[in-house]
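Structural features, examined
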Amino acid sequence: MNDYLAPALNDNPQAILRDVFGYERFRGPQQAITRHVIEGGDALVLMPTGGGKSLCYQIPAIARQRAGRGVTLVISPLIALMHDQVGALRELGVAAAFLNSTLDWQQADEIERRLLAGQLTLLYAAPERVGTPRFLGLLDTLHAHGQLSLFAIDEAHCVSQWGHDFRPEYRQLTVLHERWPDVPRIALTATADAITRADIVERLQLQNARPFISSFDRPNIRYAIVEKKDATRQLLQFIGRQHAGEAGIVYCQSRRRVEELATTLCAHGLHALPYHAGLDADVRQRHQDCFLREDDVVMVATIAFGMGIDKPDVRFVAHVDMPKNIEGYYQETGRAGRDGALADAWMAYGLQDVVNQRRMIDESVAEEDFKQIMRGKLDALLALAESTGCRRERLLAYFGEDMAAASAAANMPDGQSARLRYRPGFCGQCDNCLHPPEVWDATDAARKLLSAVFRVQQASGISFGAGHIMDIVRGKHTDKVAQYGHQRLSTFGAGADYSEAQLRSVLRQLIALGAIQVDARAFNTLKLLESARPILKGEQPLYLRAADAPAREKRERRGKQGNARRPLPPVAADLDAAAQQRFAALKAWRADTARAQELPAYVIFHDATLAAIAARAPQTLADLQGISGIGAAKLDKYGADVLHVCAGINAAG
Ligand code: ADP
Ligand code: ZN
C-alpha cells in the first residue's frame, strides 16, 4: 500500500486532521498535544477511553515524517489488535506496519526493509520486542540516519504495578530514553489515579514531560448500579429492555461464570460469546474478531478481554460481579460509547461481592502495605456502589475532578457538551439522578447489628458469620442460637421489625464503611473494627439507600421520570424514510467491503459517518466533502462506491 498524498497538503496539525482523518475539529487538548509533540516535546497524556488518544501521536508522526524526521515507533501491549490499528491507518492512506510474532520471517524481513528504506510513517511493536538486540540494532541504524522520529508508549499504565494491567516488559522501555535521549516521547493512558500517574512518571523517567490531563468525564455514558438479587435475570431484563440486538460486554469474575452466562444468554436468543484466558488462543481470537466485525455480539468475559479494544459502537458494558477498584470499573465501562452516542454502564452487586473481594485481598501473598492500598481502593468502589448521590460526581471526584468544572471543559464529540451541562451534584445521566433513591435512617439497625457482633464474641469467645448475626438480631430460634444460648443475649430479637434484606444491606454497608471486617481465614466470620465505635455509641448517624424499593418509592420513580432529560438519540434517529433506506444500504455495502479486506466495519466508516452520508443524499463527490470521517484517502477510495449505493436507492425509490 502506498502512502497517499493529497495534492495540496500542508503540515499544520489542523490540516492533517482534516485532510487525512476527515475531522473538522480537535477534541479537548488534542491540538495542544499535537503541537507540543510535533515540536519535539515529551508528553504524558491522560485521557479517558474514547477521548481520542491515537490522534495525539498519529498526527505528529505524519507531520514529522513529512518534515524528514523518519518513523514513529508505537509501543502497544496487545499484538492481537495491531492488525486492525494498522489497517485503519492504511485505510487513511498512512504508511503503517507492525512487527510482532504473528508474522513469518519473510513478512518481518519485508517490513524491516521498508523501515530502513524510510517508507514507514508508523511502526507498531510489542514491548517485549523492544528489548531484543536485533530490534535495538534496527533503531540504532535509523537513529544514525536521523530517521527515528518519535516514541509513542500506549497504555502506559502497564508499567505500574498499581495499574490494573501490569506488564513487566514495560519496565525495560526506559532503554528508549537512555539510549536515544534526543528522540521525543509521548506516553498515553486512560488510567488516572494519582498513585499510578506518579508511578508512570517515575518508571518511564518522564519527569520532564509536559502533562496533558483531560477531563475524565464521559458524558454520553449513563451509570447504573443495582442491588444484586438474581444477576442473570436482572441482566437479561436490562439487555432485553434497553439493548436488544446491540453490541455489549458483560464482565464476570470467574471463567466458570463466563461460560455459564454465555450459554444462558444464547439460550435466550442473544448472540453471546465467551472470552477468558482459559480458552485456546485461536478461540479467543475468533470470538474477538466476531465481536469487532459484527454489530450485535454480546461478549461475556473476564477482565482478560478489552484492553485496546477500540470498537466505537459498544452500546453497553455490564458487570455482574463487582470489579476490584474504581480504576478497573472506569476503564471497563469506558469501553462503551466511544463514538459519543448514548451508552450504558450497568452493574449488579451484593454482599457476596464485598466478601469475595475482601477475601481475595486478605488471602493474596502481597505485602501488607500493598494490601492496604488495595483495601482502600476497594472501599472507594463500595462507597460508589452504596452512594445515594450522583454517581458521576463521585467517579470524577475519585479522579480528582470537580463535576461542574468538568462540564465546562467537556471534551466529548461535537455538539454534545452543550446539551450536557451539569448542575452541582446532578448529572441527569445516572440512576441516582434519574430516579433518586429512597434513603432511610439505618443508625438504629446498624447499632443493633454491631452490638450483636460484639456480644456474641464476648459471650462465646469466638466470632460468627453474617447469617447467624442477622438471626440473632431478628430473634430467630435456630439450632445454632440454641446451641450457643444466644437467645439470652440482650440484642436477641432487638431488630425483629427489620427485614432480612434490610439487615443484609446494612451489614454490607457497614463492611463497606470499614466498621466490620469479614475474616476470610475463619469461615467469613465478622469482627468489629475501630470505625464501629462512633456508630455503636450513636455519635455517627447512618443514612442508607433503601434495601428493597417499597411501593412508595416506585410511585415516586414514575413521577420523577417525566422530568428526566431525554437521552441522546441513536445515530440514525433523525433520518427520514428515504435516508433510512440509504443508511441500511450503506451499512450492507460497508459489511461487504470490510469482509473483503478482513477489517472491522468501523474501520471503513463509522455509523455516524454513514448516517451523515445518508442524510445528505449525495449526487457528486463534492457532496461528500466535509462529512466528518471522510478524509482525502477515503474519498478517493470509496467516494464512487458510496455514490453508487445511494443512486441505487434513489432509482429504486
Ligand atoms: P482512545 O484511544 O483515547 O480510547 P481513540 O483514539 O480510539 O480513543 O478515538 C476514539 C474515537 O474517536 C475514534 O473512532 C476516533 O476516530 C474518534 N476521534 C478522535 N479524535 C476525533 C476528532 N477530533 N473528531 C472526531 N472524531 C475523533
Ligand atoms: Zn448523576
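Please read all numbers here as calculations on a predicted model, not as lab measurements.

Here's the deal with the sheet that holds strand β5 (residues 148-153)
Read across the sheet, seven strands follow the order β3-β4-β2-β5-β6-β1-β7 without closing on themselves; strand pairing throughout is parallel. If you trace the sheet from one side to the other, it starts and ends with β3 (96-99) and β7 (210-213), each paired once. Put simply, the sheet's adjacent strands are angled 20 degrees from each other on average, direction ignored. Strand direction decides the pairing type here: β3 and strand β4 (residues 122-125), joined by four bridges, are parallel. Within β4, the position partnered with Leu-99 by the bridge is Ala-125. Its contacts with the sheet place helix α2 (residues 30-38) against β1 (43-46), β5, β6 (185-189) and β7, and it is angled at close to 160 degrees to β7. Together, β2 (71-75), β3 and β4 form the strand contacts of helix α5 (residues 105-116), whose direction differs from that of β3 by roughly 130 degrees.

Here we look at the packing of aromatic side chains
Scanning the model with the defined rule gives 14 aromatic pairs in all. When the ring of Phe-291 is compared with that of Phe-305, the centres are 5.4 Å apart and the planes differ by 85 degrees; the resulting orientation is edge-to-face. You can see Phe-291 sitting in helix α12 (residues 281-293) and its partner Phe-305 sitting in the loop between β11 (298-301) and β12 (316-319), a full 14 residues away along the chain. For the residue pair Phe-291 and Phe-305, the accessibility class agrees, reading buried in each case. By way of ring pairs, the aromatic residues Phe-216, Tyr-223, Tyr-330, Tyr-398 and Phe-399 are connected into one cluster. Its end group placed over the ring of Phe-291, Lys-311 keeps NZ or CZ at 5.5 Å from the ring centre.

Here's the deal with helix α3 (residues 53-66)
Taking 1.5 Å per residue as the helical rise, α3 with its 14 residues ought to reach 20 Å, and the 21 Å between its terminal C-alpha atoms agrees with that figure. Within α3, 12 of the 14 residues are buried, which leaves it mostly tucked inside the rest of the structure. Buried residues of α3: Lys-53, Leu-55, Cys-56, Tyr-57, Gln-58, Ile-59, Pro-60, Ala-61, Ile-62, Ala-63, Arg-64 and Gln-65, and no others. With its phi angle positive at about 85 degrees, Gly-68 sits one or two positions after the end of α3.

Here we look at the site of ligand 1
Taken together, 15 residues sit near ligand 1, with Tyr-23, Gly-50, Ser-54, Arg-338 and His-606 positioned nearest. Within the backbone of Gly-51, a nitrogen or oxygen atom sits 3.5 Å from an oxygen atom of ligand 1. Take His-606: an N or O atom from its side chain is 3.2 Å from an oxygen atom of ligand 1. For the shell around ligand 1, the element with the most residues is α3, which contributes three residues. Here the shell around ligand 1 is built from residues that sort into four nonpolar, seven polar and four charged.

Some points on the confidence of the model for the chain
In low-pLDDT segments, the atomic positions of the prediction should not be examined closely. Mean pLDDT over the chain works out to 86, with 89% of the residues at or above the 70 mark. Segment residues 1-10: pLDDT under 50, and 20 contacts once partners within four positions in sequence are set aside and those in other chains are kept. Confidence drops under a pLDDT of 50 for residues 410-420, and excluding neighbours within four residues, the segment shows 26 contacts in the predicted structure.

Topic: the coordination of the zinc ion (ligand 2)
All of the protein donors around the zinc ion (ligand 2) are Cys-390 (SG), Cys-427 (SG), Cys-430 (SG) and Cys-433 (SG); their distances to the metal are 2.3 to 2.4 Å. Bound by four donor atoms, the zinc ion (ligand 2) shows angles of 101 to 120 degrees at the metal and therefore tetrahedral coordination geometry. Expressed as a motif, the donor residue spacing for the zinc ion (ligand 2) is C-x36-C-x2-C-x2-C. Here Cys-390, found in the loop between α15 (368-386) and α16 (391-398), pairs with Cys-430, found in the loop between α18 (416-419) and α19 (431-434); they are 40 residues apart in sequence, far enough to count as distant. Of the two residues examined, Cys-390 and Cys-430, each falls in the buried class.

How each quantity is defined
Residues numbered from 1 in each chain as written. Chains lettered and ligands numbered in written order. Predicted model: local features only at pLDDT ≥ 70, side-chain atom pairs only at ≥ 80, totals over all residues. Heavy atoms only, no water. Pairing = 2+ DSSP bridges. Helix = DSSP H or I, 4+ residues; strand = E, 2+ residues; numbered from the N terminus. Axes fitted to C-alpha atoms, helices over the stretch in contact; angles between N-to-C directions. Contact = heavy atoms within 4.5 Å. Phe/Tyr/Trp six-rings, centres within 6.5 Å; stacked < 30°, edge-to-face > 60°. Buried < 20%, exposed > 50% of the residue type's maximum accessible area, 1.4 Å probe, protein only. Lys NZ or Arg CZ within 6 Å of the ring centre and 35° of its normal. Expected span 1.5 Å × (residues − 1). Near = heavy atom within 4 Å. Polar contact = N/O pair within 3.5 Å; in protein donor to acceptor, adjacent residues only side chain to side chain. Nonpolar A, V, L, I, M, F, W, Y, C, P; charged D, E, K, R; others polar. pLDDT = per-residue confidence, 0-100. Donors = N, O, S within 2.8 Å, 3.2 Å for Na, K, Ca; no water. Tetrahedral: all angles 85-135°; square planar, octahedral: opposite > 155°, others 65-115°.

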